[in-house]
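Examining the three-dimensional arrangement
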Amino acid sequence: MIYNKCTKFLLTFLLVDVALSLSTQRSRREFVSSLTAGATAFGLSVSGVNAEDPDTRDLNAFNTLTFNYRRNDFNGLKASDLNEESISYADFLAKMDGGEVKFVEFYAPDGDVAYATLETVTTTSSGEGSETKKVSKTRIRIGEGYPVEIHDGWSSPAFVIRSVKEKGVPYKFIVPGLEKYK
């Protein structure tokens, strides 16, 4: 709306200026300086237009094409999609922060399937006041909420690999079918 008003004003000014230059036989130099003065006045009058209406849209890198991310509605694997015992991605991250994750295996090609080896220490006390610590290792699938690769979206196991690497947890990629060729 403001743009239309400004455009009308500029066109009106230009037509009046052309009409005056034709009727008074002004030189080309006078016409250009008059046009420059008009454009400057127009620019100064329009400069406050942008501050009038703030942008109320909730825009970020995930719902625009700033980084070419699409399909931002995916929130990771669902527990119902798995047919084996698993821990949620949130629990996996909490256990990794607690130092319970000892090893992570990612399955090729994209790392969409991952298994974590968890180490839990259980302490039992005997009647004599002594304690016995038992260390158990469990290999379990990382499930609900785990980001799988969506090639035209933001979801990727690369984020998990980076987190594992930053925490110093050993990991490897496994290509199914090649395990028997060791």
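It should be emphasised that the depicted structure is a prediction, and the values quoted were computed from it without experimental measurement.

What to know about the overall build of the chain
Regarding its fold elements, the chain presents four helices and five strands. Traced from its N-terminal end to its C-terminal end, the chain shows the element sequence α-α-β-α-β-β-β-α-β. For the chain, the proportion of its 182 residues judged to be buried stands at 24%. In the chain, of all internal contacts separated by at least 6 residues, the share reaching a separation of at least 24 is 59%. As presented, the chain carries roughly 13,100 Å² of accessible surface, and 55% of it is formed by carbon and sulfur atoms.

Notes on the sheet that holds strand β1 (residues 86-87)
Pairing within the open sheet is mixed, and its five strands lie in the order β1-β4-β3-β2-β5. Each having just a single partner strand, β1 and β5 (171-174) make up the two edges of the open sheet. The strands that helix α3 (residues 89-97) touches are β1, β2 (101-107), β3 (113-125) and β4 (131-142); relative to β2, the one it contacts most, it runs at about 140°.

Overview of α3
Since one α-helical turn is 3.6 residues long, residues separated by three or four positions face the same way. The complete set of buried residues in α3 reads Tyr89, Phe92 and Met96. Down the axis, α3 shows its buried residues gathered within 55° of arc, on one side only. In this structure, α3 carries Ala90 and Asp97 as exposed residues pointing more than 90 degrees from its buried face. With its phi angle positive at about 80°, glycine 99 sits one or two positions after the end of α3.

Digging into a nonpolar patch on the surface
Side chains of Val175, Leu178 and Tyr181 sit close together on the surface and give an oily, nonpolar patch of about 330 Å² of accessible area. In this structure, valine 175 sits in the segment after β5.

Notes on the pairing of β3
Here β2 pairs with β3 via six bridges, running antiparallel. When the bridges of β3 are listed, valine 104 appears paired with alanine 116. Counted along the chain from β2 to the antiparallel partner β3, the turn is five residues long, and its residue glycine 111 has a positive phi close to 85°. Pairing between β3 and β4: 11 bridges, direction antiparallel. By the bridge assignment for β4, threonine 120 is matched with serine 136.

Parameters and conventions
Residues numbered from 1 in each chain as written. Predicted model: local features only at pLDDT ≥ 70, side-chain atom pairs only at ≥ 80, totals over all residues. Heavy atoms only, no water. Helix = DSSP H or I, 4+ residues; strand = E, 2+ residues; numbered from the N terminus. Buried < 20%, exposed > 50% of the residue type's maximum accessible area, 1.4 Å probe, protein only. Contact = heavy atoms within 4.5 Å. Areas by Shrake-Rupley, 256 points an atom, 1.4 Å probe, with all protein chains shown as cover. Pairing = 2+ DSSP bridges. Axes fitted to C-alpha atoms, helices over the stretch in contact; angles between N-to-C directions. Arc of directions from axis to C-beta. Patch = residues over 30% accessible without salt bridge, like charges linked within 9 Å, V, L, I, M, F, W, Y side chains within 5 Å. Salt bridge = Lys/Arg side-chain N within 4 Å of Asp/Glu carboxyl O.

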